[in-house]
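Listed below are the residues making up each chain.
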Amino acid sequence: MIIKSWPAELGPVICIVGARPNFMKMAPILRAFAAHVPAIPTLLVHTGQHYDKDMNDRLFEDLRLPHPDINLEVGSGSHAVQTAEVMRRFEPVIDTYRPSCVLVVGDVNSTLACTLVAVKKGIPVVHVEAGLRSYDRAMPEEINRVLTDQIADLLYTTERSAENNLIREGIAPERIRFVGNVMIDSLLSLLHNREFARAPTDTVAANGRDPELLTSDAGYGVVTLHRPSNVDDPETLTSLLGVLRELAQQLPLVFALHPRTRANIERFGLGPLIDNPQLILLPPQGYLEMLGLMAGARIVLTDSGGLQEETTALGIPCLTMRDNTERPITVEQGTNTMVGRNTSAIRQQADEILAGRGKQGRLPELWDGHAAERIAADLAAWLLDRHFVNAKA
Ligand code: UD1
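Bear in mind that the values here come from a model prediction, so they are computed numbers and not experimental data. Residue positions within a chain follow its written sequence, with the count starting from 1. Local features in this predicted model are restricted to residues whose pLDDT is 70 or higher, and side-chain atom pairs enter the listing and the counts only when it is 80 or higher, whereas totals over whole chains, interfaces and linings include all residues. Hydrogens are left out, water is left out, and the side-chain values use all remaining heavy atoms of the structure.

### Let's talk about the overall build of the protein
Piece 1. Working definition: helices are DSSP H or I runs of at least four residues, strands are E runs of at least two. Numbering for both runs from the N terminus. Broken down by element type, the protein carries 17 helices and 13 strands.
Piece 2. Expected size for 393 residues packed as a compact globule is a radius of gyration near 21 Å; at 21 Å, the protein falls within 12% of this value.
Piece 3. Categorising residues by exposure relies on relative accessible area from a 1.4 Å probe, with only protein chains included: less than 20% of the type maximum marks a residue as buried, more than 50% marks it as exposed, and the intermediate range marks it as partly exposed. Looking at the 393 residues of the protein, the share that counts as buried comes to 56%.
Piece 4. Taking the contacts inside the protein whose residues are at least 6 apart along the sequence as the reference set, 70% of them involve residues at least 24 apart.
Piece 5. Values of accessible area rely on a 1.4 Å probe in the Shrake-Rupley scheme; residue burial ignores everything except the protein chains shown. Of the roughly 16100 Å² of accessible surface on the protein, a fraction of 51% belongs to carbon and sulfur atoms.
Piece 6. Each charge class in the protein can be summarised by its mean position, and for the 38 positive and 48 negative side chains these summaries are 3 Å apart. Note on method: radius of gyration uses C-alpha positions; expected globular size equals 2.2 Å times residues raised to 0.38. The criterion used for residue contact is that any of the two residues' heavy atoms lie within 4.5 Å. For the charge count, each Lys or Arg is scored as positive and each Asp or Glu as negative, with His and the chain ends excluded. To locate a charge, the coordinates of NZ of Lys, CZ of Arg, CG of Asp or CD of Glu are taken.

Structural data, given as structure tokens:
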């Protein structure tokens, strides 16, 4: 169907962001919706789950995300409180704006909360990055993924394994569309645009550390750690910080500390473990800084979902300090290796990488920088079809 402008009676697509990993996924989607013919009208709602300048404002700037139209300002809280507050505050937004659908990304508490509200009000939900499964129900994100996918109407997937997961859970194949990875859209568009690149030495210097730490022949590594399963238990955190301290004897490690991790290190009195000249502790970094740091690193150690994918796209060997991954393609085709919390496995795999035997990997299917355009085309067709069918009825 070819039309020049979006039907006035068909409301906007309400796009939800809440926490840091949502921002890099939403940026290319909003751009693709604006560029689509006809332009797909959107309303950007930020739940306020992440609110710090470091966790929020800098990423909005780096990704050139527009200011949210609405900020629900829920802030931090237990899972129940955070989820409930998002639901309570999001409901009137739907009543006011009568959207054509609600689009959610990823697996954070805001994703599930907004999905529940919309579905119960009869508004279709579109989930981008659907079908990923760690099969570990102790992860809050896994609960968010399973429940969101069960009740959302359209499920856009990043890798083929996701479709199998969804079908196993009884989801009809016609609800599932394999489109590729919008987070990689963000990465590729910024990487190709050199004017945005941030040199790792500048990032370290901007935080008051000696940039020459990164320029020796040893190179450097990058670390992030924030999963509750790794940082909320003092014994686990002690053992992981211990292995990082050992590895730092071989090469400097740039460690961008999530607020949860920083708070727990203080609470458990583990400060002395990270007091080491070769451990370069930074606050949470902007998107361009993180990309620059990762692109120049010899090794990345993480428990983040996003970094597993970004290192695969960059071709940088990654050790994931978790027992499972919901992103198996990064292990099968990319540069990712799962090492759990087993300190000898971490040391052994790090030695392999530093000896030049890390995985080279390749870009997975449809991680080509055009996933958001595919979503825009497919979603516009779906919404317009429904609209005109309903109008006829
Ligand atoms: C959330 C997501 C997780 C994602 C991560 C990225 C859920 C269940 N988890 O976890 O999937 O990988 O974001 O960061 O949604 N805090 C601040 N400033 C902020 C935000 C949080 O200081 O801007 C602190 C607060 O003390 C808060 C803690 O970090 O209690 C945890 O924040 P929360 O949003 O609950 O979950 P994350 O661990 O960030």
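### Details of the pairing of strand β2 (residues 42-46)
Piece 1. Across the 5 residues of β2, 4 count as buried, placing the element largely inside the fold.
Piece 2. Two strands make a pair as long as DSSP finds a minimum of two bridges between them. Sheet topology places strand β1 (residues 13-17) next to β2; 5 bridges connect them, and they run parallel. Across the sheet, residue Val17 finds its bridge partner in β2, namely His46.
Piece 3. By the criterion used throughout, a crossover qualifies as right-handed when its path from the first strand across the helix to the second strand runs clockwise, the strands pointing away from the viewer. With respect to chirality, the unit in which β1 leads through helix α1 (residues 20-35) into the neighbouring parallel β2 is right-handed.
Piece 4. Pairing between β2 and strand β3 (residues 70-71): 2 bridges, direction parallel. Opposite Val45, over in β3, you have Ile70 as the bridge partner.
Piece 5. Following the chain from β2 across helix α2 (residues 53-62) to the adjacent parallel β3, one finds a crossover that is right-handed.

### Some words on the sheet that holds strand β4 (residues 101-105)
Piece 1. Reading across the sheet, the 7 strands line up as β3-β2-β1-β4-β5-β6-β7 and stay open at both edges, with parallel pairing between neighbours. Looking along the sheet, the strands with just one partner apiece sit at the ends: β3 and β7 (176-178).
Piece 2. Bridge count for β4 against strand β5 (residues 125-128) is 4 bridges, and the pairing is parallel. Following the sheet pairing, Val102 is matched in β5 by Val125.

### A word on the site of the ligand
Piece 1. If you check the shell around the ligand, you find 20 residues, and the closest are Gln49, His50, Tyr51, Asn109 and Glu141.
Piece 2. At 2.6 Å, a side-chain N or O of Glu141 approaches an oxygen atom of the ligand.
Piece 3. In this structure, His226 approaches the ligand through a side-chain N or O atom, which is 2.9 Å from an oxygen atom.
Piece 4. A total of 740 Å² of accessible area belongs to the ligand in isolation, and the protein chains cover 84% of it. A cutoff of 4 Å decides nearness: a residue is near a molecule or strand if any of its heavy atoms lies inside that distance of it. Contacts described as polar in this section are N or O atom pairs within 3.5 Å, which, within protein, must combine one atom able to donate a hydrogen with one able to accept it, while residues neighboring in sequence count only if both atoms come from side chains.

### Remarks on the sheet that holds strand β12 (residues 318-320)
Strand pairing in a sheet relies on backbone hydrogen bonds, with the paired strands running either antiparallel or parallel.
Piece 1. The sheet built from 6 strands is open, its strands ordered β10-β9-β8-β11-β12-β13 with parallel pairing. Strand pairing shows two members of the sheet lacking a second neighbour, β10 (279-282) and β13 (336-338), which therefore form its edges. Taken pair by pair, the neighbouring strands of this sheet meet at an average axis angle of 20 degrees, ignoring direction.
Piece 2. Both strand β8 (residues 221-223) and strand β9 (residues 253-256) contribute to a ladder of 3 bridges, which runs parallel. Bridge assignment links Val222 to a residue of β9, and that residue is Val254.
Piece 3. Note on geometry: axes are lines fitted to C-alpha atoms, helical ones only across the stretch in contact, with angles between N-to-C directions running from 0 to 180 degrees. Of the strands in this sheet, β8, β9 and β11 (299-302) are in contact with helix α10 (residues 234-247), which crosses β9 at around 150 degrees.
Piece 4. Here helix α13 (residues 287-296) sits on the sheet in contact with β8, β9, β10 and β11, set at roughly 135 degrees to β8.

### Concerning the nonpolar core
Piece 1. Met26, Ile29, Phe33, Leu63, Leu103, Tyr287 and Leu379 are the most contacted members of the largest nonpolar core, which totals 66 residues.
Piece 2. Take this core: its biggest share by element is 9 residues, from helix α17 (residues 371-392).
Piece 3. With residues near it in sequence (within four places) discarded, Leu103 still touches Val13, Ile14, Cys15, Ile16, Met26, Ile29, Phe33, Val126, Val128 and Leu379. By convention a nonpolar core is built from buried Ala, Val, Leu, Ile, Met, Phe, Trp, Tyr and Cys residues, the set being connected through side-chain atoms within 4.5 Å.

### Examining helix α7 (residues 182-191)
Piece 1. Burial analysis of α7 places 8 of its 10 residues in the buried class, the great majority of the element.
Piece 2. Those residues of α7 that fall on the buried side of the exposure criterion are Val182, Met183, Ile184, Asp185, Ser186, Leu187, Leu188 and Leu190.
Piece 3. Considering only its buried residues, α7 is in contact with α1, α2, β5, α13, α14 (305-314) and α17.

### Some remarks on the pattern of salt bridges
Side-chain pairs of opposite charge can arise where the charged atoms are in close proximity.
Piece 1. Only one rule defines a salt bridge in this text: a Lys or Arg side-chain nitrogen within 4 Å of an Asp or Glu carboxyl oxygen. The tally for this structure, following the rule as stated, stands at 26 salt bridges.
Piece 2. We note a salt bridge from Lys121 to Asp95, for which the minimum N-O separation is 3.1 Å. With Lys121 in the loop between α4 (109-120) and β5 and Asp95 in helix α3 (residues 79-97), this pair connects stretches of sequence that are 26 residues apart.
Piece 3. Judged by its relative accessible area of 27%, Lys121 falls in the partly exposed class.
Piece 4. According to the relative accessible area criterion, Asp95 is partly exposed, its value standing at 40%.
Piece 5. A salt bridge links Asp149 to Arg133, with the shortest nitrogen-to-oxygen separation between them at 2.9 Å.

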